[in-house]
Amino acid sequence: MTDLPPYLQPFVLDVEQGAEHRVDRVGELDFHRPAGTARTGAILLVHGGPGPADLEVPPRDWPVYQGYAAAIAQRGQVAVVVDHSLIRGLDQLATAADDVEAAVGVLRADPQVDPERVVLWFFSGAGLLAGEWLDSRPDWLRAVALTYPLLATPPGVDELVSAAEVIGKHKDLPVLLTRVGREREELARPVAEFVSAGGAALDIIDVPKGQHGFDMLDHSEESRAAVTKALDWAIAHLGEDPTAPTQLPIPAATIPAPQPTKAAAAVAAPRASANQAASAATGLVAPPAARVEVRAEKAAVPASQQSAPATSSTPATTTSATATASAPAVVQEETAASRVVAREHAAFEAHDLEAFLAMYSPTALLQFADGPVMRGRRSLREHYRPQFEAGECKRELVQRMLVGDWVIEQTITNQTPTVALYQVQDGLITEVRFIS
């Protein structure tokens, strides 16, 4: 055991390796799933950092996080371990915050996870990421746990939201702190300030003889008892109703995509026509795409309002907003990209800011017609929050074109005609260009 680096030491609990649970690797996340198909709550395990310079094994492969995740899965809940940028250095703090936010979006969209029952569990250096969640407190966040956390940024590192400044802001948010008696002074002092500020808002598990990383370094009864208590606390705060059925149906998606009505025939075109159609709709050169296929989707118009049948010489992109705004849009022959955009629209109209942001890449780029450019979910949240809080989220689809991994839409957004291009990659929106 002593020949191994600290992060590869065994987990202090004897987790039954033969117990039935499976692990799915999704990008930078490992989903540890319990046996069966029950829809469950989920716990996101957020590792610390920075890591050692000679690190060769990513944190989600460390025995300590695999042990926590296996223990959670064996208790009947989904556990997710995320590899994030903080492992590379404290200068990656803001990027790590975006990584964790993206992980939450993927976790909540998973069909086996109840998106309204999530616990976030931060370890060591990841304590610097907890403040934003303690501050924003989304409705789906059932609890926050911190284990031997770093709660103050060293000199020269840009600070995010300080956990000590916002602890207790939301009285209904349970928070657990696991602290060790042999903590390093530079970590112990901010933890003491956090405890002082938290008061009754905090539950505390003390490990008097424990050191930083006790759950992999101190194989003692005290350590095992502390980890078991923390696991039990986190599971309990997922808030599952013990009287509910044990097997729940798994939904197709967190946010349902619009249901098609009478689908019109798709319009197939060669690559040259695709570029022409996109240019006609937007005034720009069509987004690049290999082997492009274009499908135009128009709002349905009642027969009584049709003066003449459509002909093949009528471009699919000439439908005016005023002629079709009163009729619901037809969604047909959906692609993976259009389903993502549809879920973003559904979250927009539901005034669910966090679900809306979860459809975007952490580094998503938005370019507005009047020139401003925004990048990243943090900028998007600041931009859209006033609109969501004011309840000004109304969007009607006029028509849609699908061009490779791009979705081109004409909509009426808050009574304003809008044309937008969405690029979707790996299940998230990576770029939006608003043309009007």
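Residues numbered from 1 in each chain as written. Predicted model: local features only at pLDDT ≥ 70, side-chain atom pairs only at ≥ 80, totals over all residues. Heavy atoms only, no water.

Caption draft 1: Focus on the overall build of the protein. A count of helices and strands for the protein gives 12 helices and 15 strands. Within the protein, buried positions represent 50% of all 436 residues. When the accessible surface of the protein is split by element, carbon and sulfur atoms take 52% of a total near 20,000 Å². (Helix = DSSP H or I, 4+ residues; strand = E, 2+ residues; numbered from the N terminus. Buried < 20%, exposed > 50% of the residue type's maximum accessible area, 1.4 Å probe, protein only. Areas by Shrake-Rupley, 256 points an atom, 1.4 Å probe, with all protein chains shown as cover.)

Caption draft 2: Quick look at the nonpolar core. Ranked by size, the top nonpolar core spans 44 residues in total, and within it Leu-44, Phe-122, Leu-129 and Phe-194 carry the most contacts. The leading source of residues in this core is helix H2 (residues 93–109), at 7 residues. With sequence-adjacent residues up to four places away left out, Leu-44 is seen in contact with Val-80, Val-82, Val-100, Ala-103, Val-104, Leu-107, Val-119, Leu-120 and Trp-121. Counting residues in each nonpolar core, the second largest holds 38 residues, with Tyr-65, Tyr-68, Ala-143 and Ile-235 among its members. (Core = buried A, V, L, I, M, F, W, Y, C linked by side-chain atoms within 4.5 Å. Contact = heavy atoms within 4.5 Å.)

Caption draft 3: Inspection of the side chain of Asp-215 at higher detail. Inspection of the secondary structure puts Asp-215 in helix H6 (residues 214–217). Of note is the side chain of Asp-215, whose polar atom sits 2.7 Å from the side chain of Tyr-68. Discounting chain neighbours no more than four positions away, the residues touching Asp-215 are Pro-10, Phe-11, Val-12, Val-64, Tyr-68, Phe-123, Thr-147, Tyr-148 and Val-227. (Polar contact = N/O pair within 3.5 Å; in protein donor to acceptor, adjacent residues only side chain to side chain.)

Caption draft 4: Structural detail: the packing of H2 against helix H12 (residues 377–389). At their nearest, the axes of H2 and H12 sit 10 Å apart, and the two run at 75° to each other. It follows that H2 is roughly perpendicular to H12 by the angle criterion. Judged by residue contacts, Ala-94, Ala-97, Asp-98, Glu-101 and Ala-102 of H2 engage Arg-377, Arg-378 and Arg-381 from H12. Partitioning the contact of H2 with H12 into residue classes produces 3 nonpolar, no polar and 5 charged. (Axes fitted to C-alpha atoms, helices over the stretch in contact; angles between N-to-C directions. Parallel < 35°, antiparallel > 145°, perpendicular 65-115°, else oblique. Nonpolar A, V, L, I, M, F, W, Y, C, P; charged D, E, K, R; others polar.)

Caption draft 5: Local environment of the sheet that holds strand E5 (residues 113–123). In spatial order, the strands read E1-E2-E4-E3-E5-E6-E7-E8; together these 8 strands make up an open sheet with mixed pairing. Since the sheet does not close on itself, it has two edges, and those belong to strand E1 (21–26) and strand E8 (202–211), each with one partner. Strand-to-strand twist in this sheet, taken as the mean axis angle between neighbours without regard to direction, amounts to 20°. Summarising the sheet, E1 and strand E2 (residues 29–34) pair through 6 bridges and their orientation is antiparallel. From the neighbouring strand, Arg-25 faces E2, where its bridge partner is Asp-30. Sheet contacts for H2: E1, E2, strand E3 (40–46), strand E4 (78–82) and E5; angle to E5, the most-contacted strand, approximately 150°. Along the sheet, helix H5 (residues 185–198) contacts strand E6 (141–147), strand E7 (175–182) and E8; its crossing angle with E7, the most-contacted strand, is approximately 140°. (Pairing = 2+ DSSP bridges.)

Caption draft 6: Focus on the pairing of strand E12 (residues 395–403). Burial analysis of E12 places 8 of its 9 residues in the buried class, which makes it a mostly covered element. Both E12 and strand E13 (residues 406–413) contribute to a ladder of 8 bridges, which runs antiparallel. Paired with Leu-397 across the two strands is Thr-411, which belongs to E13.

Caption draft 7: How the structure looks around the side chain of Arg-400. Of note, Arg-400 is situated in strand E12. Of the residues examined, Arg-400 reaches a relative accessible area of 3% and is grouped as buried.

Caption draft 8: Structural context of the packing of aromatic side chains. With the rule as written, the count across this model stands at 17 aromatic pairs. For the ring pair Phe-348 and Phe-356, a centre distance of 6.0 Å and an interplane angle of 45° mean the geometry is tilted. Both residues of the pair, Phe-348 and Phe-356, count as buried. Through successive ring pairs, a cluster of aromatic residues spans Tyr-7, Phe-11, Trp-62, Tyr-65, Tyr-68, Trp-121, Phe-123, Tyr-148 and Phe-214. Taking NZ or CZ as reference, Arg-395 lies 4.2 Å from the ring centre of Phe-348, over its face. (Phe/Tyr/Trp six-rings, centres within 6.5 Å; stacked < 30°, edge-to-face > 60°. Lys NZ or Arg CZ within 6 Å of the ring centre and 35° of its normal.)

Taken by themselves, the reported measurements are silent on function.
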